[in-house]
Every structure is written in structure tokens, then in C-alpha cells.
Amino acid sequence: MKFINWSKQNLFANWKDSLLTITILYLFYVSMPPLLNWVFLDATFFGDSKKDCTGDGACWVFVNVWIKRFTYGMYPNDQIWRINLAFVIFFISIGSYFFVSSKIKKCIFIFLTVIFPFLAIFLFHGGSLGLEEVETRVWGGLFLTLFISVFSIIFCFPIGVLLAMGRRSNLPVIKYFSIGFIELWRGVPLITVLFMAAVMFPVFLPSGTNLDKLIRVIIAITLFESAYIAEVVRGGLQAIPRGQYDAANSIGMGYWKSHLLIILPQALKIVIPGVANTFIALFKDTPLILVVGLMELLGMVNMAKTNPAWLGLATEGYVFAAFVYFIFCFSMSRYSLGLENKLKTTN
Amino acid sequence: MSKIIELKDVNKWFGDFQVLKDINLTVSSKEKIVICGPSGSGKSTLIRCINRLEEHQKGDIVVDGMTLDANTKNIEKIRSEVGMVFQQFNLFPHLSILDNCTLAPIWVKKKSKKEAEELANQYLEKVQIVDQAKKFPGQLSGGQQQRAAIARALCMEPNIMLFDEPTSALDPEMIKEVLDVMVDLAKGGMTMCVVTHEMGFAKEVADRVIFMDEGSIVEEKPTDQFFNNPENERTKLFLSQILN
Ligand SMILES: Nc1ncnc2c1ncn2[C@@H]1O[C@H](COP(=O)(O)OP(=O)(O)OP(=O)(O)O)[C@@H](O)[C@H]1O
Ligand SMILES: [Mg+2]
């Protein structure tokens with residue numbers, strides 16, 4: 001009864017609404033059954049080779065067999081535990097963060113931001129303390145996607161904030177440097193930047209030194225995205241009324257104190273949606289590292305689909321990759337929304 | 001009485017527009033002066049120059065023995081000795097009232113959190129809003145916000161307080177509660193420079209009243225003389241408009 005009333009008001013209020021509702025329902029009716037059939041009912045899930053796929057639906061055997069490569073790239077099978085260990089530590093620290101007292105929270109935060117990055121890199125790369133060295137060129141799959149995204153995000157955010165502040169600075173040198181930097185990176189496509197990082201960058205380094213390609217790529221993505229973060233944050237800074245600066249100055253706070261304690265906390269809160277947007281875009285741009293020969297999730301799918309034993313399964317591979325990207329991007333989006341609401345209620 | 005603020009031939013321009021013209025003004029320790037004048041006459045700019053929220057281009061400003069110039073060390077020192085209250089309150093909306101008050105004592109004066117909170121409570125008590133300490137600025141009435149802003153400034157234990165039209169953004173029924181706090185403060189011996197059009201307040205506490213117009217000090221007199229026999233035509237006109 002309630003439902004009938006509700007739909008009368010919301011779905012069939014007049015003939016235009018009714019027509020729209022019916023059209024949408026009809027589109028669902030036409031498209032959903034074949035889609036469900038392909039994904040679930042007619043699909044094959046288990047097996048070892050393409051021959052096991054007999055139905056008309058999707059051949060998930062492909063994903064099933066290749067999942068290790070999709071997740072870890074060409075990382076040696078007997079060393080995969082190192083990646084798993086790092087991620088388990090990561091998720092346990094984050095998970096426990098929400099259940100412990102504020103004092104331990106501080107410890108966890110410091111661990112995650114200061115100690116964990118080095119620990120993770122050590123685990124992934126090894127090369128000392130009895131851990132076998134695993135060169136970055138065999139890193140790949142979802143692992144590489146996450147590695148690049150997390151490190152780029154960690155670095156590009158503070159750089160972006162500094163650039164945003166720099167762009168509003170009264171000191172001409174800093175101001176014009178920031179403007180130039182931001183406009184330069186915003187003006188070129190990421191794919192060019194990556195290419196330059198891989199090919200051109202070594203030319204500028206003194207001969208003999210060799211910076212790992214993965215590091216160069218992370219630097220490139222970091223600088224590129226920091227320009228976008230800078231513009232998003234600048235929008236937030238501009239929204240803070242002049243009176244806040246006056247008040248901060250009048251109680252004796254200098255530039256850094258007033259920004260760190262008063263201006264940025266307010267400005268960053270305003271720009272959470274824009275920052276989340278940029279991070280999600282960064283995450284989805286990671287497949288571009290393919291142009292320099294690094295293969296994260298999508299790159300591995302690309303490689304697998306050209307394997308002679310698995311030809312013709314590109315669709316399954318891409319649908320799977322899309323699904324994984326969606327899970328991560330959607331989580332980021334929900335998290336930012338949660339953060340927004342949480343900060344909104346505190347004042 | 002000793003001089004605590006001294007302005008000598010101060011001139012200031014915004015671009016080509018001259019806001020302050022040869023301002024000369026001395027304020028003694030514990031003196032209370034009221035500055036009034038028509039809109040746009042440069043009152044705000046004048047008192048904002050005293051704690052260097054605005055930079056003057058010509059002339060000298062000496063506050064508490066320190067000359068205001070490009071030396072930033074002096075500026076931060078002066079700012080922690082000169083409190084300021086604004087028309088729009090300018091409380092920090094992301095912090096509770098208590099945190100608004102303890103922020104500068106902790107970060108600028110390096111007091112411990114406990115010390116700062118005791119100090120804050122003492123001043124919040126003085127402006128009668130201790131019970132609101134845990135709330136955020138957005139949850140307070142205008143009058144309460146302005147009193148909180150006064151408490152925030154007092155927490156730096158300044159020698160001088162500047163007020164820029166502290167009651168102009170308030171509903172009429174809240175003006176009195178803020179003025180009462182200011183009268184109290186004046187009786188406690190604070191040096192005060194107040195830009196206001198509340199002539200009742202001026203008559204009650206001011207030692208001197210200054211009338212500004214078009215960037216100059218047009219008239220400067222002890223309070224009773226200012227109201228009883230103003231000399232300048234513009235002052236007379238202004239007073240006749242504002243007193244009724
Ligand atoms: N940042 C600024 N840039 C340019 N012009 C300014 C600036 N601030 C103030 N002015 C101008 O300087 C003049 C004096 O301004 P000021 O705010 O000192 O006046 P006021 O006497 O306080 O006026 P009111 O009673 O309206 O507050 C005005 O004409 C104003 O337009
Ligand atoms: Mg003004």
C-alpha cells in the first residue's frame with residue numbers, strides 16, 4: 001500500500017513521468033536478462049583451459065587461470081607472500097585504527113605514514129637481510145596499480161598544497177614559479193609526461209647514475225597530479241574570507257602557523273570532493289604506464305588476451321578489469337563522502 | 001603618562017588612492033580613544049595600520065617602543081601585544097570557542113594546554129560565556145560570538161586593544177551585552193582604540209574622540225569638548241546626523 005502511494009507520487013505523477021518510468025523499465029527488461037545470462041547463468045567459472053568453456057556465456061576460466069598474473073604481474077610465485085604480508089599489515093593497521101584509543105591511533109598513524117612505506121618497499125624489493133631481490137621490472141598487475149597510486153597520492157597531495165599556497169604568495173619568485181609549474185604540467189598529456197620520464201629523463205642525469213624506471217614514473221605522475229591538486233586546493237583557499245587571515249595575524253600567527261592551523265583545515269574541508277575526484281582520476285590513469293613498458297592490471301589483461309592459448313577472451317578480461325577498478329574507485333568515492341559528512345557534523 | 005602608540009605623518013595609498021593623509025596621533029598608556037567618521041574615511045585602515053594588518057608607505061608608527069617596518073620579528077611581537085576585535089567577529093569556525101581562545105596562547109606563546117585552558121576559562125568567564133566554551137562559533141548568537149572574539153584577543157594578554165566597529169554587525173538587542181564587556185575592560189585599565197558610532201559608549205569611557213574624514217584627522221578633542229563644542233563644520237554635521 002505504502003509502495004503504491006509512493007510510486008504514484010514519484011513514478012506516475014503525470015503522463016510524462018509515467019512514460020519515462022515505463023521506458024526505463026522496458027530498457028531494463030530488454031537488457032538485463034541477456035546480461036545476466038552472459039555473466040552468470042551461461043558462464044563457465046572453473047577449468048584449466050579455454051576448451052573448458054562450452055557455454056554461450058562468459059569464459060571466467062580465463063580470469064581464474066590468470067588471476068595470479070593479474071594481481072601480482074610477473075612477480076616470482078614463491079615470493080608473492082611478501083606482497084601479501086605487506087597488504088595484510090596495511091589492512092590490519094587501518095582496520096584496527098577505528099577500534100583503538102586516540103593515543104594508539106596516533107601511533108598507528110605515524111607507523112602508516114612514516115614506517116610502513118619503507119617497510120613495504122623493503123618487502124617488495126628485498127635485496128638485503130636475507131630477502132631475495134625482486135627487480136621492479138617484474139612488478140605488475142593490481143599490485144603495481146596500488147603501489148603507484150598510493151605513493152603518487154601520498155606525495156602529490158602535500159606538493160599540490162604547497163603549490164596552491166605558492167600561487168597565492170606575495171613573493172614574485174615563488175608565485176611565478178608556482179604558476180609556471182602548474183601550467184606546464186596541466187598543459188601536457190600524461191602519456192607524454194610518462195614517455196619523457198622513461199626516455200628523456202635519463203639523458204639529464206649524470207652518466208653512470210641510474211634511477212629506477214618505476215621511481216621515474218612515480219615522480220612523473222606525482223608532479224603531474226600535484227598540479228591538479230594545486231588548482232583544486234587553490235579554489236578552497238580562495239573561499240576562505242580575508243577576515244580569517246586578519247584574525248589569525250592579529251593574534252600573532254605568522255604565515256605558516258595561520259595556514260596550518262586556520263586556513264588549510266577550513267580550505268581542505270571544502271575541497272574534499274575535488275581532491276577525491278583527482279585521486280580517482282589518478283588511479284584510473286595508471287594503465288597509461290603501459291607506454292613505458294610497465295604493466296599494471298590492465299596491462300596484464302592486455303598481455304594475457306594475446307596469449308595464443310587464450311585468444312578471443314578480451315571481453316572477459318576487460319569486464320574483469322573494469323569491475324576491479326570500479327570497486328576501488330567506488331570505495332574512494334564513498335570514503336570521501338563519509339569524510340565530508342563526518343567533518344560537516346563537527347561544526 | 002607614557003606614550004604607547006605614536007603615529008607620525010603616516011600616509012597610505014591603495015594604488016593611486018590615498019586613504020590616509022598625514023596622520024599624527026599619540027595614545028598614552030591606559031588611554032581610551034574613540035574614532036568616528038563617515039564611511040570610507042579610513043578609520044579601519046588607520047587602526048589596521050597599528051598592528052600592521054595594513055602596511056603604511058610613509059611616516060612612522062611606533063607601538064610599545066617598537067617601530068613598525070619590514071622587520072617581521074617586530075611585527076609578530078607587536079601583534080601578540082595588540083589585540084584586535086573585528087566587525088565580523090572572525091572566529092575560526094572549525095574550532096570550538098575554547099580552542100579559538102587557546103590556539104594562540106599555545107602556538108604563539110608556547111603555553112601548555114592546561115595553562116592555556118585555565119587562561120581561556122578565566123576570560124570566557126569575564127565575558128560571561130564559559131558555559132558556551134564547548135560549542136562552535138556557528139552555534140552562538142552574534143553577541144555571544146563577539147564576546148568570544150574579545151575573549152580570544154584577551155587570551156594573548158595584550159597591552160592594547162583595537163576595536164573595529166565591534167557592534168555594527170549586531171542586532172540592536174545584542175549591542176548592549178558587547179558594550180558592557182568593553183566598558184568593563186576600559187574600567188580595568190586597558191589601552192583601547194575603538195572605531196564606533198556608539199556615541200553613548202564614547203561619552204561613557206572615551207578620554208578623547210577623533211573625527212576622521214577623507215583620510216585625515218579633522219578634529220581631535222577630549223570627549224566632553226568634542227560633544228559640547230566641536231569646531232569643524234564636518235564634525236558638527238556628522239554629530240547632528242548621528243545623535244538623532
Ligand atoms: N584593500 C583595499 N584595496 C583598495 N581600497 C581599499 C582597500 N581597503 C579599503 N579601501 C578603500 O579605502 C577607503 C577607506 O577604507 P576604510 O575601510 O578604512 O574606511 P572606513 O572609514 O573604515 O569605512 P567604514 O565605516 O565603511 O568601515 C575606502 O574608500 C575603501 O574603499
Ligand atoms: Mg571600517
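Residues numbered from 1 in each chain as written. Chains lettered and ligands numbered in written order. Predicted model: local features only at pLDDT ≥ 70, side-chain atom pairs only at ≥ 80, totals over all residues. Heavy atoms only, no water.

1. Digging into the side chain of Gln145(B)
- Structurally, Gln145(B) is set in helix α5 (residues 142-154).
- Once you skip the residues sitting within four places of it in the chain, Gln145(B) turns out to touch Phe89(B), Leu91(B), Pro137(B) and Leu140(B). (Helix = DSSP H or I, 4+ residues; strand = E, 2+ residues; numbered from the N terminus. Contact = heavy atoms within 4.5 Å.)

2. Looking at the packing of helix α6 (residues 141-167) of chain A against helix α9 (residues 213-239) of chain A
Residue and element names in this part refer to chain A.
- Relative to each other, α6 and α9 sit at 45°, their axes nearing to 5 Å. Looking at the two axes, α6 sits oblique to α9. When you trace α6 past α9, the crossing you get is right-handed.
- For the contact of α6 with α9, a count of residues per class yields 20 nonpolar, four polar and four charged. (Axes fitted to C-alpha atoms, helices over the stretch in contact; angles between N-to-C directions. Parallel < 35°, antiparallel > 145°, perpendicular 65-115°, else oblique. Left-handed = near helix turned anticlockwise from the far one by under 90°. Nonpolar A, V, L, I, M, F, W, Y, C, P; charged D, E, K, R; others polar.)

3. Section: the sheet that holds strand β2 (residues 17-28) of chain B
All names here are of chain B.
- The four strands are arranged β2-β1-β4-β5 in an open sheet whose pairing can be described as antiparallel. Strand pairing shows two members of the sheet lacking a second neighbour, β2 and β5 (66-67), which therefore form its edges.
- Examined bridge by bridge, strand β1 (residues 3-14) and strand β4 (residues 58-63) share five bridges and lie antiparallel to one another. Paired with Leu-7 across the bridge in β4 is Ile-61. (Pairing = 2+ DSSP bridges.)

4. What about the site of ligand 1?
Residue and element names in this part refer to chain B.
- Around ligand 1, the neighbouring residues are Phe-14, Phe-17, Val-19, Pro-38, Ser-39, Gly-40, Ser-41, Gly-42, Lys-43, Ser-44, Thr-45 and Glu-165.
- The contact in question runs from an oxygen atom of ligand 1 to an N or O atom on the side chain of Ser-39, over 2.6 Å.
- At 2.6 Å, a side-chain N or O of Ser-44 approaches an oxygen atom of ligand 1.
- Counting residues per element, the shell around ligand 1 draws most heavily on helix α1 (residues 43-50), at three residues.
- Looking at side-chain class alone, the shell around ligand 1 contains four nonpolar, six polar and two charged residues. (Near = heavy atom within 4 Å. Polar contact = N/O pair within 3.5 Å; in protein donor to acceptor, adjacent residues only side chain to side chain.)

5. Observations concerning the packing of aromatic side chains
- Overall, the coordinates contain 28 aromatic pairs over all chains when judged by the stated rule.
- A centroid spacing of 5.4 Å and a plane angle of 45° characterise the contact between Trp139(A) and Phe143(A), whose relative ring orientation is tilted. Accessibility assignment for this pair places Trp139(A) and Phe143(A) in one class, buried.
- One aromatic cluster in this structure is built from Tyr75(A), Phe87(A), Phe90(A), Phe91(A), Phe111(A), Phe116(A), Phe124(A), Trp139(A), Phe143(A), Phe147(A), Phe151(A) and Phe155(A).
- Note that Arg152(B) overlies the ring of Phe92(B), its terminal NZ or CZ placed 4.5 Å from the centroid. (Phe/Tyr/Trp six-rings, centres within 6.5 Å; stacked < 30°, edge-to-face > 60°. Buried < 20%, exposed > 50% of the residue type's maximum accessible area, 1.4 Å probe, protein only. Lys NZ or Arg CZ within 6 Å of the ring centre and 35° of its normal.)

6. Brief notes about the confidence of the model for chain B
- Per-chain confidence: chain B averages 92 in pLDDT, with 99% of residues scoring 70 or above.
- Confidence metrics for the complex model read pTM 0.88 and ipTM 0.93. (pLDDT = per-residue confidence, 0-100.)

7. A word on helix α12 (residues 272-285) of chain A
- An ideal rise of 1.5 Å per residue puts 20 Å on 14 residues; α12(A) measures up with 20 Å between its terminal C-alpha atoms.
- Restricting attention to buried positions, one finds in α12(A) the residues Ile272(A), Val275(A), Ala276(A), Thr278(A), Phe279(A), Ile280(A), Leu282(A) and Phe283(A). (Expected span 1.5 Å × (residues − 1).)

8. Thoughts on unusual backbone geometry
- Of note, the phi angle at Asp9(B) is positive, near 45°, even though the residue is not glycine.
- Inspection of the secondary structure assignment puts Asp9(B) in strand β1.

9. Considering the environment of Leu95(B)
Residues and elements named next belong to chain B.
- Within the element layout of this structure, Leu-95 appears in the loop between β6 (82-85) and α3 (97-107).
- The sequence separation of Leu-95 and Met-199 amounts to 104 residues, and the corresponding C-alpha distance is 34 Å.
- Once residues within four sequence positions are removed from consideration, Leu-95 is found in contact with Asn-100, Leu-103, Phe-136 and Pro-137.

10. Observations concerning the nonpolar core
- Residues Tyr75(A), Phe124(A), Trp139(A), Leu237(A), Ile289(A) and Leu7(B) are the most contacted members of the largest nonpolar core, which totals 98 residues.
- With sequence-adjacent residues up to four places away left out, Tyr75(A) is seen in contact with Arg69(A), Ile80(A), Arg82(A), Ile83(A), Leu123(A), Phe124(A), Val134(A), Val138(A), Trp139(A) and Phe143(A). (Core = buried A, V, L, I, M, F, W, Y, C linked by side-chain atoms within 4.5 Å.)

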